[in-house]
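# Working through the structure, step by step
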Amino acid sequence: MSFTELLLRLCGVKIDSTAHLAGARLAFRNGDALGWVVLLALLLLVLTWWSYWRVARELTSQRARWLLTGLRAVLFLLLLLILLRPVLAFTVEGTIRRQLLMLVDSSASMKIQDPRFDPADLARAAMGKGLLDFRKGLQQPLDPAYAASVKLVPRVDLLEGALKSDQLGLIQKFGKEYDVSAFSFGQNLVEIGGGGTSQTTKGQLAKSAESAAEWIDQLDPKSQSTAIGDAVRELLERKRGQPLAGIFLATDGANNTGTQPLEAARLARAEGVPLYIYGVGITSPRDIIVANLFTQEVAFAKDELPVTVRVRGQGLHGETAKITLKLGDEIVASKDLVFISDVEQTVALPFTPKQVGEYELRASIDPRADEAAKDNNAVSQRLKVIDSKIKVLMVEESPRWEFRYLQSVFLRDRRIELKCWLAEGDPSLAEGADSPYVKTFPQTKDELFKYDLVVIGDVGAKDIGAPQMEWLGEFVSKFGGSCLFLAGARNNPAAFRGTELEKMLPVELGDGPARNTASERPTTLELTALGRTSPMLRLSAKEDENAAIWKRFPKLYWVARVTRAKAAAQVLLQDSDATKASRFGKMPVVAQQQYGLGQVLYVGTDNTWRWRRNADERYYPILWGQIAQKLGLAHLLGGSKRTQISADKQSYAVGERVAIYARLYTADFNPLKDASVEGSYVVKTADTAVQPESSRQGVTLRAVPDQPGMYRGDFTVLTPGLHQFAVKSDPGTVFEFSATEARFEFGETAMNEALLKQMAELSGGGFFREENLFQLPEALRAKSERVSSVVDAEIWASPLYFLLLLAVATAEWFWRKRVQLK
């Protein structure tokens, strides 16, 4: 027992075991009476001196006289001090007992068995397995047999070892100072343990450790996504208003969905909740990642199909590999590549499909024996190969520059069968066997409906004719055709105000002149968020490269003035000039919308031919080829005219939610008005080509408000394979989409140390690895908010003071007897 502890006990002062004594001082709680006490002390001292030096004449010893005088004076002074109420004021510092939130990564990447070759990584793994001391750093010698045993330890095992380590004692130390709650996260946040309070006794701490051991042993990382930012944000929302010491986050940092982690870290700082992050895994694992495959969903037989694959080799600089592209079971392309540091490479694997049909297109690299994960070496998608041409009709008043260049592109594209009509052109242009021109605009529905895509250029409404404009509306809305409005300075789109074509436009014209006004100055177009993801506008497999290409395009010298996009339209490109913006935002230039069964695209400029300048010339035919294919294929592939089924995307991962949309019409092509319709789906797996009807799963689709004939249903993908969906009213119209086991959790196998360090720094916390994890409790304690309080030990009323009085009085009595005084 220390002197301080003895003093506190003698003074009858008790403080909490988690608090500590910061200082002590003597104080008088009745200091106002100090003057009277000093006056009384002087009088008593004089009386004492007089009694021993004037009255007690029989006392001959000078030494005894001084001793007795002193003892009597001390006794009087001690008695007078009682009037001042002396106390020892102890300053005690402690912390408010707060919650510590433990957030543990339960995504599938935590099961990765990192192949460890670096001595530091082997030492960290040995610490996690209890073979080395956490406190002695990375320079400890490691027995070769131990090194071999930890070379492939899964990340989750190291996490469990660190949390349960008796050397570190993290759980016990946390439980002693904080109320601990534990959560796991992958896609969602789940509470897994803790939630108790005040664990300060040995028994309580032991019980807490046992409880923690249970949830630690039950960690089963299998989530196919990691939402670090979402988990931190949701945890802060759940605990808002409660005193928090911080969040202990154990993860490999492989974030791949949800809120940006750095934004969550900033939010944590604003809430005063530091993040203490334990990084699990290695920073440079050897791994081949085949990330993405980019190509069209429909290809044309005997026409070269561009395919690009994004590949990255971690920790494999200078190593070689062979990437193979398979169409079904046939190898159609391959290429040798050399990995460059950890740089992602884009590999072009073009090929020419020969046979019509539906296939799985798969790009893969054979796994290496020393890879961290072998589940991310391949990527695939469905591909439909057809042998038909998209029939396109271009309608113009005269051969302007935009028409000439676009006509040239379409004529060279073997996927397109082009016909052109010029309202002011000579009918003799249509003469000749190979002429791309027709004499008149289609004069019957049958003539018009044989096309898949109609391009309405700068032509007047009177040139087309009122009946033909009605047919165009019917061609798109009821028969699934597509229409592209290519604006022009003379007519399009202003001349279509009040006609059927205005209803089809994805933009609102507002009140203005019958002819379009010219632009005041050159301008550029910028991609919107939807435009960046649109397959029509993708000119590079890499998003940043695609954005850079669009920024490099030359300026435009004319853009049609419109008010805004319609409610159901999607704006893909907008005018960057802020002076043309309205209260609805920047002016749309390229917009798309569903119109009945078909698609309408509006391009509000006739200057895209300027984008052919210099090196960007190669992108012009690519862009217009993609637009024509996207718009024309739906009608070309010929689905039901009364049933149109779609989903929010073409491929899903198991566990994802599918949103199915069905636009349904009656026999006379009026929108269906039922409140709900029934649909169902079956799954074709690799093992069974055809599923029995008993396996068909029902889905109810409900009417979408304010969209006549549109229905929506949702269900969760449970099985990998090709899903075939149909509605009960039209079982012959089948919509297909694919589902695979989710694998993007392994898109990044390295521990993202840079991200985790940034999160810790932004939040005001700290980043830890195995070699400094023992410092975590002290780091938490240093950030804890300390509260000071003063505890009085009343000396005047304490047994110690009474004993002191008794001792002085006894001593005086003893010496008086010894010198024979009464």
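Just above, that's the structure.
In this text, all values refer to a predicted model and were calculated from it rather than measured experimentally.

Conventions adopted
Residues numbered from 1 in each chain as written. Predicted model: local features only at pLDDT ≥ 70, side-chain atom pairs only at ≥ 80, totals over all residues. Heavy atoms only, no water. Helix = DSSP H or I, 4+ residues; strand = E, 2+ residues; numbered from the N terminus. Buried < 20%, exposed > 50% of the residue type's maximum accessible area, 1.4 Å probe, protein only. Contact = heavy atoms within 4.5 Å. Areas by Shrake-Rupley, 256 points an atom, 1.4 Å probe, with all protein chains shown as cover. Axes fitted to C-alpha atoms, helices over the stretch in contact; angles between N-to-C directions. Parallel < 35°, antiparallel > 145°, perpendicular 65-115°, else oblique. Left-handed = near helix turned anticlockwise from the far one by under 90°. Nonpolar A, V, L, I, M, F, W, Y, C, P; charged D, E, K, R; others polar. Polar contact = N/O pair within 3.5 Å; in protein donor to acceptor, adjacent residues only side chain to side chain. Pairing = 2+ DSSP bridges. Salt bridge = Lys/Arg side-chain N within 4 Å of Asp/Glu carboxyl O. Phe/Tyr/Trp six-rings, centres within 6.5 Å; stacked < 30°, edge-to-face > 60°. Arc of directions from axis to C-beta.

### Notes on the overall build of the protein
A count of helical and extended segments in the protein gives 21 helices and 35 strands. For the protein, the proportion of its 822 residues judged to be buried stands at 49%. By sequence separation, contacts in the protein at least 24 residues apart represent 75% of the contacts at least 6 residues apart. Here the protein has roughly 39,600 Å² of accessible surface; of this, 52% comes from carbon and sulfur atoms.

### Thoughts on the packing of helix α3 (residues 62-84) against helix α21 (residues 799-818)
At a minimum axis separation of 9 Å, α3 and α21 run at an interaxial angle of 155 degrees. In terms of orientation, α3 lies roughly antiparallel with respect to α21. Helix-helix and strand crossings are classified by hand; for α3 and α21 the assignment is left-handed. Together, Leu-67, Leu-68, Leu-71, Arg-72, Val-74, Leu-75, Leu-78, Leu-79, Leu-81 and Ile-82 of α3 and Tyr-801, Leu-804, Leu-805, Val-808, Ala-809, Ala-811, Glu-812, Trp-815 and Arg-816 of α21 make up the contact between the two elements. Residues belonging to the contact of α3 with α21 are distributed by class as follows: 16 nonpolar, no polar and 3 charged.

### Remarks on the side chain of Glu-500
Take Glu-500: it is sitting in helix α15 (residues 500-504). A distance of 3.0 Å separates polar atoms of two side chains, one belonging to Glu-500 and the other to Tyr-595. Setting aside chain neighbours within four positions, we find Glu-500 in contact with Met-469, Glu-470, Gly-473 and Tyr-595.

### A look at the sheet that holds strand β30 (residues 697-703)
The strand order across the open sheet built from 8 strands is β26-β28-β31-β30-β29-β32-β33-β27, with neighbouring strands paired in mixed fashion. Two strands close off the open sheet at either side, each with one partner strand: β26 (643-647) and β27 (651-653). Strand-to-strand twist of the sheet, defined as the mean angle between neighbouring strand axes without regard to direction, takes the value 30 degrees. The sheet contact formed by strand β29 (residues 676-684) and β30 spans 6 bridges and is antiparallel. Note on β30: the bridge partner recorded for Glu-678 is Thr-700.

### Concerning the packing of helix α11 (residues 401-412) against helix α18 (residues 619-637)
Where α11 meets α18, the closest approach of the two axes is 10 Å, and the angle between their N-to-C directions is 75 degrees. One way to sum up the angle between α11 and α18 is to call them roughly perpendicular. Residues Glu-402, Tyr-405, Leu-406, Val-409 and Phe-410 of α11 lie in contact with α18, whose contacting residues are Tyr-620, Pro-621, Trp-624 and Ala-628. Of the residues that constitute the contact of α11 with α18, the class distribution is 8 nonpolar, no polar and 1 charged.

### A closer look at the pattern of salt bridges
Under the defined criterion, the tally for this structure stands at 32 salt bridges. Among the salt bridges present, the one from Arg-116 reaches Asp-114, with a minimum N-O distance of 3.9 Å. Taken as a pair, Arg-116 and Asp-114 share a single burial class, namely buried. The shortest N-O distance in the salt bridge between Lys-580 and Asp-575 comes to 3.0 Å. The pair Lys-580 / Asp-575 is uniform in exposure class, with both members buried. One continuous salt-bridge network, built from bridges that share partners, spans Asp-114, Arg-116, Arg-155 and Asp-252.

### With respect to unusual backbone geometry
Generally, phi is negative for residues other than glycine and the peptide bonds are trans, each holding for most cases. That bond from Asn-492 to Pro-493 is cis: its omega, 10 degrees, falls within 30 degrees of zero. Within the fold, Pro-493 resides in the loop between β19 (482-486) and α15. Positive phi values are uncommon outside glycine, yet Lys-302 reaches one of about 65 degrees. For Lys-302, the location among the structural elements is in the loop between β9 (298-300) and β10 (308-314).

### As for the pairing of strand β18 (residues 453-456)
Residues in a regular strand project their side chains so that they alternate between the two faces of the sheet. Neither face of β18 is open: one carries Leu-453 and Val-455, the other Val-454 and Ile-456, and all of them are buried. Here 4 bridges tie strand β16 (residues 390-396) to β18, and the two strands are oriented parallel to one another. Paired with Met-394 across the bridge in β18 is Val-455.

### Overview of the environment of Leu-84
Note that Leu-84 resides in helix α3. Taking relative accessible area as the criterion, Leu-84 reaches 3% and is therefore assigned buried. Residue contacts for Leu-84: discarding those within four places in its chain leaves Phe-28, Arg-29, Asn-30, Ala-33, Leu-34 and Val-37.

### What to know about the sheet that holds strand β21 (residues 525-527)
Sheet architecture is open: 8 strands sit in the order β17-β16-β18-β19-β25-β24-β23-β21, paired in mixed fashion. Edge positions in the open sheet fall to β17 (416-422) and β21, since each of these has one partner strand only. The sheet shows a mean angle of 15 degrees between the axes of neighbouring strands, taken without regard to direction. The strands that α11 touches are β16, β17 and β19; relative to β17, the one it contacts most, it runs at about 155 degrees.

### Points about the packing of aromatic side chains
Inspection of the entire model under this criterion finds 15 aromatic pairs. With a centroid separation of 6.0 Å and an interplanar angle of 55 degrees, the aromatic rings of Phe-174 and Phe-248 are classed as tilted. With Phe-174 in helix α7 (residues 170-177) and Phe-248 in strand β6 (residues 244-251), this residue pair connects regions lying 74 residues apart in the sequence. Judged by relative accessible area, Phe-248 falls into the buried class, the value being 1%. Where Phe-735 meets Phe-737, the ring centres are 6.2 Å apart and the plane angle is 35 degrees; that geometry is what we call tilted. The same class applies to Phe-735 as to Phe-737, namely buried.

### Quick word on helix α9 (residues 228-238)
Along α9, the residues classified as buried are Ile-228, Gly-229, Ala-231, Val-232, Leu-235 and Leu-236. Within α9, the buried residues cover an arc of 165 degrees as seen down the axis, which keeps them to one side.

### Examining the pairing of strand β4 (residues 178-185)
In terms of burial, β4 is largely enclosed, as 8 of its 8 residues are buried. Residue alternation in β4 divides its side chains into two sets, Tyr-178, Val-180, Ala-182 and Ser-184 and Asp-179, Ser-181, Phe-183 and Phe-185, and both sets are buried. Across 8 bridges, the pairing between strand β3 (residues 98-105) and β4 is parallel. Residue Arg-98 lies in a different strand from β4, and its bridge partner there is Tyr-178.

### Structural notes on the side chain of Arg-124
Positionally, Arg-124 belongs in helix α4 (residues 119-128). For Arg-124, a relative accessible area of 12% corresponds to the buried category. Of note is the side chain of Arg-124, whose polar atom sits 3.2 Å from the side chain of Asp-121. Contact partners of Arg-124, with chain neighbours within four places excluded, come to Leu-138, Arg-769, Glu-770 and Glu-771.

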